[in-house]
Each structure stands twice: as structure tokens, then as C-alpha cells.
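Coordinate analysis (summary)
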Amino acid sequence: MNKEQQFSEEFINAFVDDELTPDEKAQAYARLGDDVLLNRQVCELRKVRDLVSLAYRHVPAPACSTSAIAVGHKCSTAIAAGLALVVGGLGGWFLNQASHVPDNAVVAQVAPAAEDPAKVLFHVSEGNPEHLKTVLDEVENLMKFYRQTQQKARVEVITNGGGLSLLMAGISPYAERIQRMQKEYNDLTFVACQNTIERIQQELGLQAKLLPGVVVIDSGVAQIMRRQNQGWAYIQV
Amino acid sequence: MDVFNFLGRTREAKLKLEQHRQRLYRIAYSWTHNAALADDLVQETLAKALKKSGQLRDPNAGDAWLYSILANCYHDHFRRLRTAEEIDENTLTHESTPEKESSEQEIVLKVRAAIARLAEGQRQVVTLVDIQGLSYMEVAQILNVPIGTVMSRLCRARYALKDLLGELAPKLAAEETKIRRIK
């Protein structure tokens with residue numbers, strides 16, 4: 001393929017998927033250096049590929065997950081057959097006692113295979129340094145607990161009002177600790193309220209600078225409500 | 001016949017097949033967007049694979065072999081239902097769920113809805129390549145089509161997805177203005 005020829009769309013896709021021969025790949029790289037359009041095409045195709053992959057990283061578990069290979073694969077049938085077997089096999093006096101046994105067996109069978117992460121939000125609205133230390137201690141203890149028990153968890157620390165001082169650069173007494181925690185725990189997010197930032201600016205004339213990695217949301221209260229609607233546990237410290 | 005050896009081999013095959021369940025389920029879900037149906041298809045695939053495990057000569061071909069059984073189960077299922085239901089005409093409905101509030105989850109649902117709108121052949125190719133990371137050659141073997149067909153389906157699927165998702169871009173950008181990360 002000479003320089004004047006356009007690459008076919010299949011060729012560009014094959015480049016994105018690393019399906020080209022070394023010679024073809026070299027041609028593509030040579031062209032990428034000065035072809036803006038081609039660069040954009042490759043970029044867009046990679047984005048589509050990543051989105052498809054992302055969309056199915058966590059798929060919903062079936063309502064009744066089958067944990068072992070069996071010829072009959074309808075859960076309801078399997079459960080009914082299991083119950084019938086238990087009831088038929090036992091009998092008489094034992095029938096009364098058996099009511100717990102099949103119940104437990106069914107619960108174990110229908111328990112979801114893929115666990116959802118625990119979702120916890122801490123709401124901080126006071127800026128007392130001792131209080132802020134307690135907040136960080138509690139958050140860190142919780143993160144350690146989830147790590148030790150190998151549970152997935154997402155934790156958000158939402159600050160508004162006086163609590164915003166926890167995340168303000170030059171003001172927070174625990175800036176280094178927060179940065180260390182951010183590095184140590186990927187699923188921990190510190191969130192600042194935009195309304196509070198604006199209020200500080202209006203009332204005190206201060207431009208609030210935040211610590212690196214802090215997420216700003218429109219309203220702390222609105223974020224708390226959104227998270228609660230999404231099933232997050234709320235803890236006010 | 002060495003019964004113990006036979007039983008041992010069967011158990012080993014069963015364990016190996018179980019390890020594939022999650023990957024098969026992810027692909028089955030991406031084709032059907034129905035958790036119960038995907039689970040049924042995977043179960044049927046594994047049951048058939050276990051039954052035919054003696055026929056597999058090359059153990060390295062296990063992945064592609066399982067996906068080809070899954071593809072056959074999928075086609076058989078919809079061949080039976082074709083008069084009643086056309087899967088490609090289905091659109092994913094976004095029921096109001098708490099997760100919908102989250103922007104990440106919203107993007108996930110939109111991508112899934114876009115994939116559900118693809119033609120069946122395109123959907124199968126794009127999911128096997130992008131989710132499972134299979135090569136074009138492996139996908140051609142699984143779906144029993146020439147490699148050129150895999151390439152053209154993949155190409156059409158990706159450009160269709162780009163267009164479908166592109167329509168959503170302005171809305172997503174508008175929503176992003178509310179939330180930003182300060183470095």
C-alpha cells in the first residue's frame with residue numbers, strides 16, 4: 001500500500017486490534033505521524049472498543065445462579081425437585097423438623113454469585129480539627145476492614161459547610177494524610193460541595209483551593225440524596 | 001474399562017468447564033441482554049460441552065470450542081422463537097433504577113442499548129473481539145464464517161456504535177459540567 005492510498009476501514013480496525021503483520025503495522029505507524037484524520041479514526045475506534053469492554057465488565061447475575069453443571073437447568077425445576085427429594089426421602093416425624101433444612105438449602109442456592117460492593121458515604125459538615133481527625137480515623141478503619149475481609153467497597157466522604165476545611169489546601173490539618181489515603185485506597189473519594197465553595201467566596205472573599213484529587217459536585221446535600229437513592233449507607237460523623 | 005480413571009477425567013472436565021462459566025455468561029449476556037436467558041444458554045452450553053468433552057482433541061482450542069457451542073445454542077434458541085420474537089427488534093428499556101442516577105452506569109446502559117440495536121451477526125463479532133479479546137481467526141472459527149466476514153462485520157458494528165453513541169455525546173458533555181475533578 002503506497003502513501004497516496006487510503007487505508008480501508010477494515011485495515012484500520014485490524015490495526016486497532018493488533019491483527020496486522022509487522023510490515024502492515026509499520027506502514028500504519030508511518031502514516032499516523034502526519035495524518036490527523038487517521039489519528040482521529042484510530043482514536044475513535046479505540047474509544048468504541050473500550051466502551052464495549054467497559055459495558056460488560058460487570059453484568060447482572062442471573063436471578064437464580066446455577067452453580068453446578070446439571071442437565072436440567074431451570075432453577076425453579078431444580079429447586080422443586082430438590083425439595084421433593086428431601087420431603088420424599090424424609091417423612092413422618094422428621095417431616096416437621098425438615099422445614100428448616102430445605103429452606104436453608106434454597107437460600108444457599110439462590111444467593112447471588114457476584115457480590116455488589118458495599119457503598120458508604122460519610123457526611124462531614126463541621127470543621128473542628130479533632131472532629132475531622134475522628135472522621136479520617138473512622139474512614140480509614142472502615143477501608144482497612146473491607147481490605148482485610150476482601151470485600152469490595154466504595155466510600156465517599158462528602159464535605160459541606162465547615163467540613164469543607166478538611167479538603168482545602170493550606171487550611172486542612174490533614175492534607176498529607178488525605179493524599180496518602182487517596183493513594184492507598186482506589187475506591188475512596190473525597191467530595192467537596194460547590195455551593196459551599198461559592199458561599200466562602202461571596203461571604204469571605206476567599207478563593208477556595210482544594211487538595212489534589214478532590215471531586216467537586218454541585219451540591220453536597222443533593223449528592224447525599226442521590227447516593228441514598230442509589231442505596232448508599234449514610235453515616236454522619 | 002478403568003472406571004476410576006474415567007470418573008476422574010469426567011470430574012476434571014467438569015471443573016475446567018465451570019471455570020469458563022463467567023466468561024461465557026458475559027458474552028451470552030451481551031448477545032441477549034437478558035440475565036435469565038444468558039444463564040440458560042450458558043448452562044446448555046456447558047451441559048453439551050461436558051457431554052462432548054471426549055471429542056475435543058486439542059485442549060488449547062477449548063475456549064473457541066465452547067464459544068462455538070454457545071453460538072449454536074444461541075442460534076437454536078432464536079430459531080425456535082423466530083416466529084414469535086425477533087431479538088434485533090427489541091430495544092433495551094431503561095427502567096428507573098438507583099444505578100441510573102450514576103453517570104458511569106448511564107454510559108454503560110447506553111452502550112448496551114446501542115449494542116442491542118446492532119444486527120445479530122455484528123453484535124456477536126464485536127462482543128467476542130472487544131469483550132473476550134479473541135482474534136479474528138478464532139471468531140471466524142467460532143461463528144463458522146470466513147475471516148473477511150468477521151472483519152467487515154466488526155467494521156460495520158464499530159462505525160454503527162460510533163454513530164449511535166455519538167448522538168449521546170452532547171448530552172453527556174452538558175451533564176459533565178456539573179461535576180469536575182480538580183487536580
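Treat the numbers as computed from the prediction; the structure is a model and nothing was measured.

Here we look at the overall build of chain A
- When helices and strands are tallied, chain A shows 10 helices and 5 strands.
- Counting the 237 residues in chain A, one finds 38% classified as buried.
- When contacts within chain A are restricted to residue pairs at least 6 apart in sequence, those whose partners lie at least 24 apart make up 71%.

A word on the environment of Asn-160 of chain A
Residue and element names in this part refer to chain A.
- Mapped onto the fold, Asn-160 is located in the loop between strand E2 (153-159) and helix H8 (175-184).
- Separated by 35 residues in the primary sequence, Asn-160 and Ser-125 place their C-alpha atoms 5.1 Å from one another.
- In contact with Asn-160, other than residues within four places in its own chain, are His-123, Val-124, Ser-125, Cys-193, Thr-196 and Val-221.
- A polar side-chain atom of Asn-160 sits 3.0 Å from a polar atom in the side chain of His-123.

Considerations on the packing of aromatic side chains
- In the structure shown here, the tally under the stated rule is 6 aromatic pairs over all chains.
- Between Tyr-56 of chain A and Tyr-29 of chain B, the aromatic rings sit 6.4 Å apart at their centres with planes inclined by 65°, giving edge-to-face as the arrangement. Of this pair, Tyr-56 of chain A sits in the loop between helix H3 (36-55) and helix H4 (75-89) while Tyr-29 of chain B is found in helix H1 (residues 3-32), placing the two residues in two different chains.
- Its relative accessible area of 0% is what places Tyr-56 of chain A among the buried residues.

Re the nonpolar core
- Judged by nonpolar contacts, the single largest core of 66 residues is most densely connected at Tyr-67, Leu-70, Leu-128, Val-139, Ile-142, Leu-143 and Leu-161 of chain B.
- Counting residues per element, this core draws most heavily on helix H3 (residues 62-81) of chain B, at 10 residues.
- Excluding residues that lie within four positions of it along the chain, Leu-70 of chain B makes contacts with Leu-24, Ile-27, Ala-28, Trp-31, Leu-41, Val-42 and Thr-45 of chain B.
- By size, the runner-up hydrophobic cluster in this structure holds 32 residues, among which are Ala-153, Val-155, Leu-164 and Tyr-174 of chain A.

Structural notes on the pattern of salt bridges
- Within the structure shown, the criterion is met by 15 salt bridges over all chains.
- In this structure, the salt-bridge partner of Asp-137 of chain A is Lys-133 of chain A, at a minimum N-O distance of 3.1 Å. One end of the pair, Asp-137 of chain A, and the other, Lys-133 of chain A, are both in helix H7 (residues 129-148), 4 residues apart, so they sit about a helical turn from each other.
- For Lys-133 of chain A, a relative accessible area of 41% gives the class partly exposed.
- For Glu-106 of chain B, the salt bridge identified is with Lys-110 of chain B, shortest N-O distance 3.0 Å. Of this pair, Glu-106 of chain B and Lys-110 of chain B are both found in helix H4 (residues 103-116), 4 residues apart, which corresponds to roughly one turn of the helix.
- On the basis of relative accessibility, which here comes to 15%, the residue Glu-106 of chain B falls in the buried class.
- By relative accessible area, Lys-110 of chain B is classed as buried at 13%.

Some thoughts on empty space enclosed by the protein
Residue and element names in this part refer to chain A.
- Taken as a whole, this structure holds 1 cavity of 30 Å³ or more when the rule is applied.
- Here the largest cavity defines a volume of roughly 30 Å³.
- Lining the largest cavity, in full, are Phe-7, Phe-11, Ile-12, Phe-15, Ala-28, Leu-38 and Val-42.
- Element by element, the count of residues in the lining of the largest cavity is highest for helix H1 (residues 9-16), at 3 residues.
- Of the residues that constitute the lining of the largest cavity, the class distribution is 7 nonpolar, no polar and no charged.

Some remarks on H3 of chain A
- The terminal C-alpha atoms of H3 of chain A, which comprises 20 residues, lie 28 Å apart, in line with the 28 Å expected from a rise of 1.5 Å per residue.
- For H3 of chain A, the full list of buried residues reads Leu-38, Val-42, Leu-45, Val-48, Leu-51, Val-52 and Ala-55 of chain A.

Procedures and definitions
- Residues numbered from 1 in each chain as written.
- Chains lettered and ligands numbered in written order.
- Predicted model: local features only at pLDDT ≥ 70, side-chain atom pairs only at ≥ 80, totals over all residues.
- Heavy atoms only, no water.
- Helix = DSSP H or I, 4+ residues; strand = E, 2+ residues; numbered from the N terminus.
- Buried < 20%, exposed > 50% of the residue type's maximum accessible area, 1.4 Å probe, protein only.
- Contact = heavy atoms within 4.5 Å.
- Polar contact = N/O pair within 3.5 Å; in protein donor to acceptor, adjacent residues only side chain to side chain.
- Phe/Tyr/Trp six-rings, centres within 6.5 Å; stacked < 30°, edge-to-face > 60°.
- Core = buried A, V, L, I, M, F, W, Y, C linked by side-chain atoms within 4.5 Å.
- Salt bridge = Lys/Arg side-chain N within 4 Å of Asp/Glu carboxyl O.
- 1 Å grid on protein atoms, 1.4 Å probe; cavity = no way out; pocket = protein on both sides within 12 Å on 5 of 7 lines; lining within 4 Å.
- Points joined across faces, edges and corners; volume = space filled by probe spheres on them.
- Nonpolar A, V, L, I, M, F, W, Y, C, P; charged D, E, K, R; others polar.
- Expected span 1.5 Å × (residues − 1).

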